Amino acid sequence: MRLKLAKVKWFSGLFCLIALLTLAGCSEERRTKVVDYPIGKPFMYGNKVVLKGTGTKDELKKLSTDLNNYWDDSARVRKEQRFLLWYRIKNPPIYDSLNIIRSVNFMNAYLNSQGYYYASFKDSIHKDSIGDQIRVNATITINQGKNISIDSVGYQLDDSTLQQLAKQRMGESDIKKGSPYSKQLISAELDRMIGIYRRNGYYKLIREDLYAEIDTTDISLIELTLDPFKQAELIAASARKRRQNPTWNVTIKKRPTTDSSKLTQFKVANIYYYPETKITDVIDSLTTAKGFKEEQHADNYMRFQVGKFKYQPLKEHTFLSKGELFNEESYFKTMNTLGQIGAWQQVDGKIIERDKDSLDLYFYLVPALKQNFTVDLEGSRNTGDIGAGNLFGISTNLSYKNRNVWKRAIQSITNFRTGVELNLNLGNNNSNQQLVQTFNISAGHTFAFPKIIQPFKNWKALSTVDNKRTLLSFNAAYVDRKDYYKLRSILGSWGYEWKKVQRRSDDTWLFKPINVELYSLDTLPGLDTLFLKNPFLRNSFNTGNIYSQSLSYTKTINAANRKSHFIRLGLEETGLIFGLFKGLRNDIYRYIKVEAEYRQTKKWEKSEMAYRAFGGMGYNYGNYPGNKEISTLPFFKQFAVGGPYSMRAWGLRQLGLGSSNTYDSILTSSFRDRYGDMVLEFNAEYRFTMATIAGVKIGSALYSDIGNIWNLKKDPSDPKASFSLSNLANDLAIGVGTGLRLDFNYFLIRLDFAYKVKDPMRTVNGGWMSIKNFNWTDIRSNGREVSNYALQLGIGLPF
């Protein structure tokens, strides 16, 4: 019966695949439906831009994509994607040749803005009659010509200080000799120059006070000659030069002005803080309002009514001081930083001129809700691939947050969590008959100080980073895995977090110079039995303490071409320093652990392509208490794969190690976890939107996962569980799949189906699936039946 069911599933899947390939092979025209069209009148059915000019593949692709956005609205065809492969055009516009002419003008204006001033255009119109429809396909063929390049850049600002600042920062300009000309490039240069001046006290100088003068004159034409033939020859040569290699000269100039204050460098006078501003307060009236208490701190003033905040966190996050030149960048940085501390939900500013060259700065801060309490209930279901394991987990998380501890804008977070895993297979003779399989409880507390607490004063490097925090954390936990182990832990750490925000990227650092983790592990008869079958497994389940330091770095990059990058590097070292003390050496773990992750996403209008690569390795260079043979990381520091966010064709922690089948034979249905000292994983996913119903985006994805986990040091009794470069191709597991995604904007529900294309545990065909002998299940060497597929339910994207 099971064989018949597998055949039915196989033929159903094959039929669906053939049907999809047949539909995809049909022309898009056959898969497009037109509704509400003008009967008997020609209407726009298709738009197309064809580029005939020269350029790199990426340049031509970008130009083509951009130019298609410049069709006149009355000539634009709005095609909606419906249900993956079908399209619909609703209310198509009536064809009018004037709309094509306007489209050409729009495209020419865009090309001019990109430095293409010698473009040629040719349009072609094709009409098709289908029933009572007269469909019009319009094609505009463009030869964009050569892109104008910049021959020279200069600055003539008619003010010695402005001219000096321009020359000092000239190296930062994106305009270089030979750079392609574009209006965006010139506009960016004017913005850069204004930014320089407003960071150096020129508070009243604005963008409109500067302009770029473009010189297109060919100097050879200025040459004096009385010979008309010579003059004609020069003109012809100049025209050829403009077509073949057009160049322009750019000069940044200042417009004449009668307002002398535009050339005045303003200084900072007094700074005023209003840390108890109400969301309903009118800012303009607060400046002159009475009834405030006032504290003066040097040349800064704090005005309040109740006294909810101390002055110190305000001063520590202000990047301006009295007497220095006004810096607009520092002014906005101050507002942004104060708003990101967490104690205030909104920060506004106001600048008032004093005398002829001074500015008073006012900051109005609206306090966030000081305290809040949240309760979260979570549930999950984990169906085992081996035996009859079928567990249901439920947990509760209580969280209390205080955003203004001791009136110093210190964040305080307290968490209490408890949960159980229940056995749903009670009554099955092959399963464990205990209802509660796992019980855990934990409590933690974290203080986030809005500054770097360190012994050095006036550390200038700290002024160059943003969102500085000092983190002090404590946590205690207890886990009871019935019949297998009991784990108790107490953790404490002291660390620093800071960011560096740039134009298109953010860098975040987290350094923990002190991290203490105390563990106590009791192994129970169930786990002791597994140790007898595989002694190497004991290496991961041992007791000891951790005294470590860790450093992590993340970088996010948002490129202009809708491509984003994410980079994460992590390093943890334990035992190197504290292992020098003989009194601690025999009680602590000694290892080094590194991780690296890279993610890339390329987005289009209704789809995106995402990639991920992740690698990690932990190396034990010490001996653990009571066992000098142990050579792996403790299991709570090892890597695991499988589940809804990693290697989705396998269950949670169900893949590995390497191509070893030892774990299939020794692990029971109620204890299936697999851990390793090394992990490699590669993921690729194409995501697309199929439809939008009632504001909910219904999407899908096609994906592939490749990876596995290993031990670093070899176990003579199980060599296939250890990493070997020569055996890497055999060890890597491969899964492919698709899924359904419901995007509610504020959260996403994901149901993924994945199939094991290559399973290192598979004993036939080198681990690869067989198309000829396709099966939904496999029989292992020990006689156990395992699934070749998995259904995963997840919240949010996998990466």
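Preceding this paragraph is the structure being described.
Heads up: these notes are all about the structure in this document.

Criteria and cut-off values
Residues numbered from 1 in each chain as written. Predicted model: local features only at pLDDT ≥ 70, side-chain atom pairs only at ≥ 80, totals over all residues. Heavy atoms only, no water. Buried < 20%, exposed > 50% of the residue type's maximum accessible area, 1.4 Å probe, protein only. Helix = DSSP H or I, 4+ residues; strand = E, 2+ residues; numbered from the N terminus. Contact = heavy atoms within 4.5 Å. Core = buried A, V, L, I, M, F, W, Y, C linked by side-chain atoms within 4.5 Å. Pairing = 2+ DSSP bridges. Axes fitted to C-alpha atoms, helices over the stretch in contact; angles between N-to-C directions.

1. What to know about unusual backbone geometry
Stage number 1. A positive phi angle is found at tryptophan 406, which is not glycine, with a value near 55°.
Stage number 2. A positive phi is found at asparagine 765, a non-glycine position, where the angle reads about 60°.
Stage number 3. Take asparagine 765: its relative accessible area is 49%, and that puts it in the partly exposed class.

2. With respect to the environment of glycine 154
Stage number 1. Within the secondary structure layout, glycine 154 lies in strand β7 (residues 149-156).
Stage number 2. Expressed as a C-alpha distance, the spacing of glycine 154 and methionine 170, which sit 16 residues apart in the sequence, is 9.5 Å.
Stage number 3. What glycine 154 contacts, discounting residues up to four positions off in sequence, is Val250, Thr251 and Ile252.

3. Looking at the nonpolar core
Stage number 1. The biggest cluster of nonpolar side chains holds 24 residues, and the ones touching the most others in it are Trp344, Leu361 and Phe363.
Stage number 2. Going through the elements one at a time, β10 (267-274), β12 (300-304), α9 (328-340), β13 (344-354) and β14 (358-367) are the ones with two or more residues in this core.
Stage number 3. Tallying contributions element by element places β14 first for this core, with four residues.
Stage number 4. Setting aside anything within four residues of it in sequence, one finds phenylalanine 363 in contact with Ile271, Tyr272, Tyr273, Tyr274, Tyr331, Thr334, Met335 and Asp348.

4. Structural notes on the sheet that holds β7
Stage number 1. Reading across from one edge, β7-β9-β8 is the order of the three strands in this open sheet, with mixed pairing throughout. The open sheet has two edge strands, β7 and β8 (210-215), and neither has a second partner. The mean angle between the axes of side-by-side strands here comes to 25°, regardless of whether they run parallel or antiparallel.
Stage number 2. In terms of strand pairing, β7 meets strand β9 (residues 247-254) through seven bridges, oriented parallel. Its bridge partner being in β9, isoleucine 150 is matched across the sheet by tryptophan 248.

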